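Commentary on secondary and tertiary structure
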Amino acid sequence: MITRSNLAEQLREYQIRSKYDWASVSFLSSTANLTSSSRVDVVISVIWEILILASLVFSAISLYLRYKRLAFVLICITILLLVCLKIMKQVRLARKRKRRMLLPLSM
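Overview of the overall build of the protein chain
Looking only at helices and strands, the protein chain has 3 helices and 0 strands in total. Seen in sequence order, the protein chain has helices and strands lined up from the N terminus as α-α-α. A separation of at least 24 residues holds for 45% of the contacts in the protein chain among residues at least 6 apart in sequence. For the protein chain, the exposed area adds up to about 8,500 Å²; of that, 67% sits on carbon and sulfur atoms.

Shown next, in the form of structure tokens:
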């Protein structure tokens, strides 16, 4: 049963979650949407992007030094990181949608 105190608590939590307005930081994502993210989300996405870029750079260096197996392994790791980043982003968006559905439409 929805009570006034529950609604007030949900509204307070919603306002706390949406008070962070960050610029879009993600340059590898197709939908660079971090406008209502917390600092933790921004730091995590930046760390993922640094790992992806580092593995790409190291695979290029290993190709230059003619270590083809190492380059192949690093490219596979990069692809795996990109897939994990995409999955994490989808999970985070699903959680946001679920939290939004908890609030009634009149709010």
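We are not done yet, so read on.
As for unusual backbone geometry
Peptide bonds are mostly trans, and most non-glycine residues show a negative phi. Residues other than glycine seldom take positive phi values, yet R66 does so here, at roughly 65 degrees. By the element assignment, R66 lies in the loop between α2 (39–64) and α3 (68–102). On the basis of relative accessibility, which here comes to 73%, the residue R66 falls in the exposed class.

Digging into a nonpolar patch on the surface
Among the surface-exposed residues, V57, F58, I61, Y64, L65, Y67 and L70 lie close enough to one another that they form a single nonpolar patch of about 780 Å² accessible area. Considering each element in turn, the nonpolar patch owes the most residues, 4 residues, to α2. Looking at the secondary structure, you find I61 in helix α2.

Looking at the packing of α2 against α3
Between α2 and α3, whose axes approach to 8 Å, the crossing angle comes to 160 degrees. By the angle between their axes, α2 is roughly antiparallel relative to α3. For the pair α2 and α3, the sense of crossing is left-handed. Seen from α2, the contacting residues are D41, I44, W48, L51, I52, S55, L56, F58, S59, S62 and L63; seen from α3, they are K68, L70, A71, L74, I75, T78, L81, L82, C84, L85, M88 and R92.

Topic: the confidence of the model for the protein chain
Looking at the protein chain as a whole, its pLDDT mean stands at 78, while 75% of the residues score no less than 70. Low pLDDT, under 50, characterises residues 21–28; the predicted model gives this stretch 22 contacts beyond four residues in sequence or across chains.

A few points about a positive patch on the surface
A cluster of basic side chains, namely R95, R97, R99 and R100, defines a positive patch on the protein surface. You can see R100 is positioned in helix α3.

So, the side chain of S55
Relative to the helices and strands, S55 resides in helix α2. In this structure S55 comes out as buried when scored by relative accessible area, which is 8%. Within polar-contact distance, the side chain of S55 engages the side chain of T78 at 2.6 Å.

Reading the values: rules and limits
Residues numbered from 1 in each chain as written. Predicted model: local features only at pLDDT ≥ 70, side-chain atom pairs only at ≥ 80, totals over all residues. Heavy atoms only, no water. Helix = DSSP H or I, 4+ residues; strand = E, 2+ residues; numbered from the N terminus. Contact = heavy atoms within 4.5 Å. Areas by Shrake-Rupley, 256 points an atom, 1.4 Å probe, with all protein chains shown as cover. Buried < 20%, exposed > 50% of the residue type's maximum accessible area, 1.4 Å probe, protein only. Patch = residues over 30% accessible without salt bridge, like charges linked within 9 Å, V, L, I, M, F, W, Y side chains within 5 Å. Salt bridge = Lys/Arg side-chain N within 4 Å of Asp/Glu carboxyl O. Axes fitted to C-alpha atoms, helices over the stretch in contact; angles between N-to-C directions. Parallel < 35°, antiparallel > 145°, perpendicular 65-115°, else oblique. Left-handed = near helix turned anticlockwise from the far one by under 90°. pLDDT = per-residue confidence, 0-100. Lys, Arg positive; Asp, Glu negative; His and termini not counted. Charge placed at Lys NZ, Arg CZ, Asp CG, Glu CD. Polar contact = N/O pair within 3.5 Å; in protein donor to acceptor, adjacent residues only side chain to side chain.

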